[in-house]
Amino acid sequence: MTKEGTIQLTTPLKINGEDYTELTHDIGKITIEDLAEIERERNEMLGPKAGTIFRVAQNDNLMHTLLGMHAIIKCNPKIDINDLKRVEGYDLCQMAMVGLRFFSRPAIQESNDSEKPQEDTQDNSTVLSQSSTENPLSN
């Protein structure tokens, strides 16, 4: 899973007279200041009920979407959050998926040495056997 990438928009987005058909992003550039701004934007969008909604960051679709938008802005400084708020449908879903990656552990590079096993496996051939007539709970 990479930190950066490109979203292919299903519907072009017109920003400052230019049609965008793809948007680059990089969640690796998100800072603590961005998270604070995202939290502020999220609470503003939810209004008075923002403080009453129980949430877990990994399950907060609005936060994921805003994280995705900020990751796009990091790579495209000419784009404003209000431009991205006009995105609809599957393109909006793609932005949320970018933000969701922020909470995922980066992929571990694979070893180039395929001759070595990656981990020791336990020998399952020595399993303790018990007579089928014995009941371990009856004593």
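As the structure is a computational prediction, the values presented were derived from the model and not from experiment.

A. Layout of the nonpolar core. Among the nonpolar cores identified, the biggest contains 21 residues, and Leu 23, Ile 72, Ile 79, Leu 84 and Met 95 are the most heavily contacted of them. Among the secondary structure elements, those contributing two or more residues to this core are β1 (4–15), β2 (18–26), α2 (61–75), α3 (81–84) and α4 (89–101). The biggest single contributor to this core is α2, with six residues. Setting aside residues no more than four positions away along its own chain, Ile 79 makes contact with Ile 15, Tyr 20, Leu 23, Ile 72, Ile 73 and Leu 84.

B. How the structure looks around helix α1 (residues 32–46). Spanning 15 residues, α1 covers 21 Å between terminal C-alpha atoms, matching the ideal 21 Å at 1.5 Å per step. Residues Asp 34, Ile 38, Glu 41, Arg 42 and Leu 46 constitute the buried set of α1. For α1, the angular spread of buried residues about the axis comes to 125°, placing them on one side. Counted as exposed and oriented over 90 degrees from the buried face of α1: Ile 32, Glu 33 and Glu 44. At its buried positions, α1 is contacted by α2 and α3. Looking one or two residues past α1, Gly 47 carries a phi angle of roughly 70°, positive in sign.

About the criteria used
- Residues numbered from 1 in each chain as written.
- Predicted model: local features only at pLDDT ≥ 70, side-chain atom pairs only at ≥ 80, totals over all residues.
- Heavy atoms only, no water.
- Core = buried A, V, L, I, M, F, W, Y, C linked by side-chain atoms within 4.5 Å.
- Buried < 20%, exposed > 50% of the residue type's maximum accessible area, 1.4 Å probe, protein only.
- Helix = DSSP H or I, 4+ residues; strand = E, 2+ residues; numbered from the N terminus.
- Contact = heavy atoms within 4.5 Å.
- Expected span 1.5 Å × (residues − 1).
- Arc of directions from axis to C-beta.

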